[in-house]
Amino acid sequence: MTGFPYAYGGPPLRGRMRATAEDFVVDEELGFNADGSGEHAWLHIEKRNANTEWVARQLALAVGVAPMAVGFSGLKDRHALTRQTFSVHLPGRADPDWQALEIEGVRILSASRHSRKLKRGAHRGNRFRIRLCELHGDREAAQQRIEQIARSGVPNYFGEQRFGRNGENLRSAHALFAGARLGRSQRGFALSAARSQLFNLLLARRVEQGTWDQALDGEVWMLAGTHSIFGPQALDDDVRARLLRHDIDPTGPLWGSGALRSVAEVAAIEHAVALAEKSLAEGLAAHDLRQERRSLRLHASGFNHEWMDDGSLVLGFSLPSGSFATALVREICATAG
């Protein structure tokens, strides 16, 4: 998100994030429970400064199964304290002594059984507790900004972690579209980065125009808190009222082949962004990806904050799956670390 425009004129604070893992705590919210029986062991795991895919590989090694036998719903931040669920396929096998497993930075909190593997994207969202420290800036303005975000949300940018270290996933996408051969995993990361970059550029255009949370002619809408979309349809008082009460949100394209669903003014903006990034747009369309939509506006639920005696600021909020806490934090505080 570096270099992309802010919704509210830039952050009123500067400070540090992730001074320790405990400063960035993530709790996955599945939205459902294991059913208690079946071939898959479901493990609720706490990990500290550990990559999700690395933990999955270590679990596979520890219990002697193939890496594909281990499932998880979402990739969680490495430089953080995170709690999430993994599944391990153990057909015809009893549970090992999970507490005896020794994986650096990992603690198994509980175990149950389920009839199915945990699939990617199955979780409802994530709960965050983020501590910002070494703060400088206007505290009164920050308080007003927090209240504004709680009311109105923030632009739903993809976070920098989507693009890999120093943007390596996006560079891989350009190489892929130029004819390079990539492994399956690297190819997936590259395509995701390319889609995310095009979406961020479109969202940045709407932020610059002041229309990221407004209704334009030709808009495609998403029901808040879901992935259900509808439209375009004629703008009327009902649509505008639903937008104001955050029942619906405008969307932008996750690029692929096929026609845009948007029309009129919205489609013109989206085509202009795609034309400016022609290699990415054409590359995505050529790699078996279909047009999809993503909300332009991100809402936090259960949003709270606390100013600590040491001058730090602690933020607590839940976000739907696929969204990034850094998209919210950046509107309050410019951070290092």
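Residues numbered from 1 in each chain as written. Predicted model: local features only at pLDDT ≥ 70, side-chain atom pairs only at ≥ 80, totals over all residues. Heavy atoms only, no water.

*Asks:* Please provide a residue-by-residue account of the pairing of strand β5 (residues 81–89), values included.
*Replies:* Of all nine residues that make up β5, eight are buried, and the element is covered over most of its length. In this structure, strand β2 (residues 24–29) lies alongside β5, joined through three bridges in parallel fashion. Paired with Val 25 across the two strands is Leu 81, which belongs to β5. Both strand β3 (residues 40–48) and β5 contribute to a ladder of nine bridges, which runs antiparallel. Bridge pairing links Arg 48 to Leu 81 in β5. Bridge count between strand β4 (residues 70–72) and β5: three bridges; the pairing is antiparallel. Each bridged residue has a counterpart across the sheet, and for Gly 71 the counterpart in β5 is Ser 87. (Buried < 20%, exposed > 50% of the residue type's maximum accessible area, 1.4 Å probe, protein only. Helix = DSSP H or I, 4+ residues; strand = E, 2+ residues; numbered from the N terminus. Pairing = 2+ DSSP bridges.)

*Asks:* Which residues make up the packing of aromatic side chains, and what values do they have?
*Replies:* Scanning the entire structure with this criterion turns up nine aromatic pairs. With 6.3 Å between their ring centres and 80° between their planes, Tyr 8 and Trp 212 make a pair best called edge-to-face. A residue pair is termed long-range when its members are at least 10 positions apart, and Tyr 8 in the segment before β1 (13–17) and Trp 212 in the loop between α4 (184–209) and β9 (221–223) qualify at 204 residues. Judged by its relative accessible area of 4%, Trp 212 is buried. Both rings, one in Phe 303 and one in Phe 317, keep their centres 5.8 Å apart while their planes meet at 85°; by these two values the pair is edge-to-face. A residue pair is termed long-range when its members are at least 10 positions apart, and Phe 303 in strand β14 (residues 301–307) and Phe 317 in strand β15 (residues 313–320) qualify at 14 residues. An aromatic cluster is present here, built from Phe 24, Phe 128, Phe 303 and Phe 317 joined pairwise through their rings. In this structure, Arg 294 packs its charged tip against the face of Phe 199, placed 5.3 Å from the ring centre. (Phe/Tyr/Trp six-rings, centres within 6.5 Å; stacked < 30°, edge-to-face > 60°. Lys NZ or Arg CZ within 6 Å of the ring centre and 35° of its normal.)

*Asks:* Explain the pattern of salt bridges residue by residue, including any values.
*Replies:* Tallying each qualifying case throughout the model produces 17 salt bridges. Between Glu 292 and Arg 195 there is a salt bridge, and its shortest N-O distance comes to 2.8 Å. Here Glu 292 is found in strand β12 (residues 292–295), whereas its partner Arg 195 is found in helix α4, with 97 residues between them in sequence. We note a salt bridge from Lys 278 to Glu 282, for which the minimum N-O separation is 3.9 Å. One end of the pair is Lys 278 and the other is Glu 282, both in helix α7 (residues 278–285) and four residues apart, which spans about a single turn. (Salt bridge = Lys/Arg side-chain N within 4 Å of Asp/Glu carboxyl O.)

*Asks:* Any details on the side chain of Thr 82? Residues and values, ideally.
*Replies:* Structurally, Thr 82 can be placed in strand β5. Discounting residues that sit within four places of it in the chain, Thr 82 has contacts with Val 26, Ile 45, Glu 46, Lys 47, Lys 76 and Asp 77. (Contact = heavy atoms within 4.5 Å.)

*Asks:* Residue-level account of the side chain of Arg 242, with values.
*Replies:* Tracing the chain through its elements places Arg 242 in helix α5 (residues 237–244). Filtering out sequence-adjacent residues up to four positions away, Arg 242 remains in contact with Leu 223, Phe 230, Asp 247 and Ile 248.

*Asks:* Lay out unusual backbone geometry with the relevant residues and their values.
*Replies:* A cis amide bond, omega 10°, links Gly 231 with the succeeding residue Pro 232. Along the chain, Pro 232 turns up in the loop between β10 (229–230) and α5. One non-glycine residue, His 246, adopts positive backbone phi at about 65°. Relative to the helices and strands, His 246 resides in the loop between α5 and β11 (248–254).

*Asks:* Tell me what's going on with the layout of surface pockets, and back it up with residues and numbers.
*Replies:* When its volume is computed, the second largest pocket comes out at roughly 160 Å³. Around the second largest pocket sit Glu 28, Leu 30, Phe 32, Asn 33, Ala 34, Trp 42, Leu 43, His 44, Thr 85, Ser 110, Ala 111 and Ser 112, which together line it. Within the residue set of the lining of the second largest pocket, elements represented by two or more residues are β3 and β6 (106–114). Here the residues of the lining of the second largest pocket sort into six nonpolar, five polar and one charged. (1 Å grid on protein atoms, 1.4 Å probe; cavity = no way out; pocket = protein on both sides within 12 Å on 5 of 7 lines; lining within 4 Å. Points joined across faces, edges and corners; volume = space filled by probe spheres on them. Nonpolar A, V, L, I, M, F, W, Y, C, P; charged D, E, K, R; others polar.)

*Asks:* For the sheet that holds β10, give the residues involved together with the corresponding values.
*Replies:* If you walk across this open sheet you meet the four strands as β10-β9-β11-β12, and the pairing is antiparallel. Both edges of this open sheet fall to β10 and β12, since each of them pairs with a single strand only. Seen against the sheet, α4 touches β11 and β12 and runs at an angle of roughly 130° to β11. Along the sheet, α5 makes contact with β9, β10 and β11, crossing β11 at roughly 90°. (Axes fitted to C-alpha atoms, helices over the stretch in contact; angles between N-to-C directions.)

*Asks:* Which residues make up the confidence of the model for the chain, and what are the values?
*Replies:* On average, residues of the chain carry a pLDDT of 94, and 99% of them reach 70 or more. Mean pLDDT values over the elements of the chain span from 90, in strand β16 (residues 333–336), up to 98, in strand β8 (residues 154–155). (pLDDT = per-residue confidence, 0-100.)

*Asks:* Go over the nonpolar core, please, and point to the residues and values.
*Replies:* Ile 130, Leu 132, Leu 313, Leu 315, Phe 317 and Ile 332 are the most contacted members of the largest nonpolar core, which totals 60 residues. Considering every element that reaches this core, the biggest residue donor is α4, with 10 residues. One finds Ile 45, Val 63, Val 65 and Leu 90 within the second-largest nonpolar core, a separate group that totals 21 residues. (Core = buried A, V, L, I, M, F, W, Y, C linked by side-chain atoms within 4.5 Å.)

*Asks:* Pulling in residues and values, what's your account of helix α1 (residues 52–63)?
*Replies:* With 12 residues, α1 extends 17 Å from end C-alpha to end C-alpha; this agrees with the ideal 16 Å at 1.5 Å per step. Within the sequence span of α1, burial applies to Thr 52, Val 55, Ala 56, Leu 59, Ala 60 and Val 63. For α1, the arc enclosing every buried residue in end-on projection is 140°, short of the 170-degree limit, so these residues lie on one face. As for α1, its buried residues are in contact with β3, β4, β5 and β6. A distance of 2.8 Å separates the backbone nitrogen of Glu 53 from a side-chain oxygen at the start of α1, and that oxygen is part of Asn 51. Looking one or two residues beyond α1, the residue adopting positive phi is Gly 64, at roughly 75°. (Expected span 1.5 Å × (residues − 1). Arc of directions from axis to C-beta. Polar contact = N/O pair within 3.5 Å; in protein donor to acceptor, adjacent residues only side chain to side chain.)

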